[in-house]
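# Notes for the structure review
Below are the chains, spelled out letter by letter.
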Amino acid sequence: MLLYLLYCISGMNAAVRATVRVGIYTGAKVYFVHEVLFMFIIIFLIYLCLFCQGGTVIGSARCQDFRSKEGRAKAACNLVKLGITNLCVIGGDGSLTGANEFRNEWSELLQILLKAGKITAEEAKRSSHLNIVGMVGSIDNDFCGTDMTIGTDSALHRIMEVVDAITTTAQSHQRAFILEVMGRHCGYLALVTALACGADWVFIPEMPPDEGWEDHLCRRLTYQRSIGNRLNVIIVAEGALDRHGKPITCDIIKNLVTKKLSFDTRATILGHVQRGGTPSAFDRILGSRMGVEAVMALLEATPDTPACVVSLSGNMAVRLPLMECVQVTKEVTKAMAEGRFEEAVKLRGKSFENNWNTYKLLAHVTAPEVKSNINIAILNVGAPCAGMNAAVRSAVRIGILQGHNMLAVHDGFDGLAHGTIEPMAWGYVGGWTGKGGSNLGTKRSLPASMIEEISLNIAKFNIHALVIIGGFEAFVGGLELVTAREKFEELCIPLVVIPATVSNNVPGSDFSIGADTALNTITTTCDRIKQSAAGTKRRVFIIETMGGYCGYLATMAGLAAGADAAYIYEDPFGIHDLETNVEHLLEKMKTTVKRGLILRNEKCNANYTTDFLFNLYSEEGKGVFDCRKNVLGHMQQGGTPTPFDRNFGTKMGAKAVLWLTDKLKECYRHGRIFANTPDSACVLGMKKRAMIFQPLFDLKEDTDFEHRIPKTEWWLKLRPILKILAKYKISLDTSETATMEHVIKKRGTV
């Protein structure tokens, strides 16, 4: 199996590492092409562990020789001589298209080599066909068929670091700031950045602004200042155009704002800083998952299997015909060139379209003159987490745009019982997107013990609907409110629970707001802890993570940080497992490996505590390695929200209020709101490929209330990958590997 890359993207090393180790695990010989020079250098890859670094350790370059048939024939000769018949390619649409062309003319190239006497008939027969699987590496996220490409999330991290730094300065000086991000043909980075920082305007190539945008922009910036905002943020994709195809640049916007509004304006072009840096946890996990799936696809391929690309749809790995994806990607460019901008947005895929629709809801819209007289209350319940404020901000502003009155409930269900409730205007939630924690205040208290007081205040403040943002307590609290409807008629109002907890343990959703931020905190901390041992003798770190009984953080951080083991409650372990782990680590430490990492979920086992594991590894490792332990604690709940959590919270908040608006219309009877059906109280969650609403009562059967976790957890299927990448000899269940889908058909069902 051969591995080659084009472009240098954060997260590529994780994909390379996974491809190599899973390839070796399956018995394949794995080679890589250094600097993408097919003709000259092919090196056997034995071991790779630099997945926490940005870029790619095997080098990346564009090869002009490969564009000619003569160059491709040289490449084919090298592959045939080594007996390589499987090719894994990481790159953009250009490199993937080139690889597919290489596959299509493989038979012709073999004949050329045979006639030239460079290969024998036996060698040609042995290498009669070439299988190709692609993984998309591009920070622009410009390849159709996948929700996210490797490198995009890391680029968003770099961008948001700059935006957060800039906004503090801009706010102090009352400045307007214009930020240009990459995206020559795709506006994904600009669009998500705009959502994640609450920008006043975004310019993207897929949707040029309407005629007269200059006056519209100036009116919007002026309005924002008039309601008390001290800064303005405008995000520009480098490929932004107007309706006539003319570029819209930072300088054009800066001159416009300075001349017409006399605002103190600054422009920043980020450039290649977006490509670099340490890869995010998401990109490391994505690269690892894609690498594993790519190997499986190659091993299952036949001469009749079309070249495929491994993609991400929601949280699922899927395989799509490579050329279908390339075709749709080219259709986007054609649609933009022909002015079919709405179609271009749809062709980008469901994820891009949802982002654009959410942005449109939150920008360029004025509040309606006619009010709905509906009061919607928002409260945070459970432990605080990054991203809660983004969800509140989005819910409040969408509610106001729907004509509703939005009410803030402070300190969770306690505040609802004690009446600490106040109205929220548009400016009340200004700047909340990038703030961690909970500005509303949050508590773990459940409503059952104060249900009468809550019902009285719902009546007193004339609350017609509830948005409950929080963790497992929010889920249980919502159930208690619904159960009490039989006794308290005031509770017969629609409510929606938005999962927000670092533990990611809320039934009804594969992801919770806040979990990505916590995961990145753990991963970054693990990197630093391991780095602290550089230059010292061999050392093993035992690190305890949060999560209650849910092992999500420990497992995913194990994948992202390259842990040797991750102990969790859902995957029971005993003394024999511990013995195997210790012996495995001992053998590794006797080689060139100098550092080991063991993660332990805080409630994985009542007896095998963090101290126990530390003592065990310390004792058994004497003479080979020493140990250190770290309990990360509440630092996992804090910090600035990641781009994912800001974007996820923003979309969840908006979708929740729009759903409540429709539900309120359904429940309006005889001049008042009356909701007592199961589907009037739901959890809004991400399940596989879509955000869906599921009745709280329907989720009771899938809930382990004693341990505060869902009975079914999708990420448990990733645990074997963690062990394989740690070089354990285990059996890999391939019964649920991705099947080939069709992006054209898929688009028709979105």
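All values reported here derive from a predicted model rather than from experimental measurement.

## Observations regarding the domain arrangement of the protein chain
Under the domain assignment used here, the protein chain contains domain 1 (2–149 + 279–333), domain 2 (152–275), domain 3 (369–490 + 651–704) and domain 4 (515–637). Using only C-alpha atoms to locate each centre, domain 2 and domain 4 end up separated by 43 Å.

## Thoughts on the sheet that holds strand β21 (residues 626–631)
Pairing within the open sheet is parallel, and its four strands lie in the order β19-β20-β18-β21. With one partner strand each, in any of the chains shown, β19 (565–567) and β21 form the two edges of the open sheet. Between one strand axis and the next, the sheet turns through 20 degrees on average, direction left out of account. Relative to strand β20 (residues 595–601), β19 is paired through three bridges, and the arrangement is parallel. Paired with Y567 across the two strands is R600, which belongs to β20.

## As for the pairing of strand β17 (residues 495–499)
Buried residues dominate β17, accounting for five of its five residues. The pairing of strand β16 (residues 465–470) with β17 spans five bridges and is classified as parallel. If you follow I469 over to β17, its bridge partner there is I498. As for the winding sense of the linkage, the β-α-β connection from β16 through helix α17 (residues 472–483) to β17 is right-handed. Two elements, β17 and strand β24 (residues 681–687), share three bridges in a ladder whose sense is parallel. Bridging from a neighbouring strand, V496 pairs with C682 of β24.

## Some points on helix α14 (residues 388–401)
Given a rise of 1.5 Å per residue, 14 residues ought to cover 20 Å, and the 20 Å separating the end C-alpha atoms of α14 matches this to within 8%. For α14, the tally of buried residues reaches 14 of 14 residues, placing the bulk of the element in the interior.

## Quick notes on the side chain of S455
With respect to the element layout, S455 can be found in helix α16 (residues 451–460). For S455, a relative accessible area of 2% corresponds to the buried category.

## Side note on the sheet that holds strand β9 (residues 264–269)
Spatially, β7-β8-β6-β9 is the arrangement adopted by the four strands of the open sheet, whose pairing is parallel. Strands at the two margins of the open sheet, each flanked by one partner only, are β7 (201–203) and β9. On average, each strand axis in the sheet is inclined to that of its neighbour by 15 degrees, with strand direction left out of account. By the bridge criterion, six bridges tie strand β6 (residues 175–181) to β9 in an arrangement that is parallel. If you follow R175 over to β9, its bridge partner there is D264. Running over the sheet, helix α7 (residues 188–197) touches β6, β7 and β8 (232–237) and is turned about 165 degrees from β8.

## Topic: the packing of aromatic side chains
Going through the model one piece at a time under the given rule, you end up with 19 aromatic pairs. Geometrically, the ring pair formed by Y188 and F352 is tilted, given 6.5 Å between the ring centres and 40 degrees between the ring planes. Taken together, the residues Y188 in helix α7 and F352 in helix α13 (residues 350–362) connect sequence positions 164 residues apart. No difference in accessibility class separates Y188 from F352, as the two residues are buried.

## Points about the environment of V540
Locating V540 in the fold gives a position in strand β18 (residues 539–545). Residues V540 and L466, spaced 74 residues apart in sequence, show a C-alpha to C-alpha distance of 48 Å. The contact partners of V540, leaving out residues within four places of it in the chain, are L585, M589, G596, I598, F625, D626, C627 and R628.

## Quick notes on the state of the cysteines
Evaluation of the coordinates by the stated rule reveals zero disulfides. C250 takes part in no disulfide bond, and the closest cysteine sulfur, belonging to C197, lies 13 Å away.

## Brief notes about the pairing of strand β11 (residues 316–321)
Here β11 lies mainly inside the structure; five of its six residues are buried. Taken together, the six bridges between strand β10 (residues 308–313) and β11 define a ladder with antiparallel strand orientation. The residue of β11 that forms the bridge with S311 is V318. With antiparallel pairing between neighbouring strands as the criterion, β10 and β11 make up a hairpin whose turn holds two residues, including G314 at a positive phi of roughly 65 degrees.

Rules of the game
- Residues numbered from 1 in each chain as written.
- Predicted model: local features only at pLDDT ≥ 70, side-chain atom pairs only at ≥ 80, totals over all residues.
- Heavy atoms only, no water.
- Domains from an automatic or database assignment.
- Pairing = 2+ DSSP bridges.
- Helix = DSSP H or I, 4+ residues; strand = E, 2+ residues; numbered from the N terminus.
- Axes fitted to C-alpha atoms, helices over the stretch in contact; angles between N-to-C directions.
- Buried < 20%, exposed > 50% of the residue type's maximum accessible area, 1.4 Å probe, protein only.
- Right-handed = clockwise from strand over helix to strand, strands pointing away.
- Expected span 1.5 Å × (residues − 1).
- Contact = heavy atoms within 4.5 Å.
- Phe/Tyr/Trp six-rings, centres within 6.5 Å; stacked < 30°, edge-to-face > 60°.
- Disulfide = S-S within 2.5 Å.

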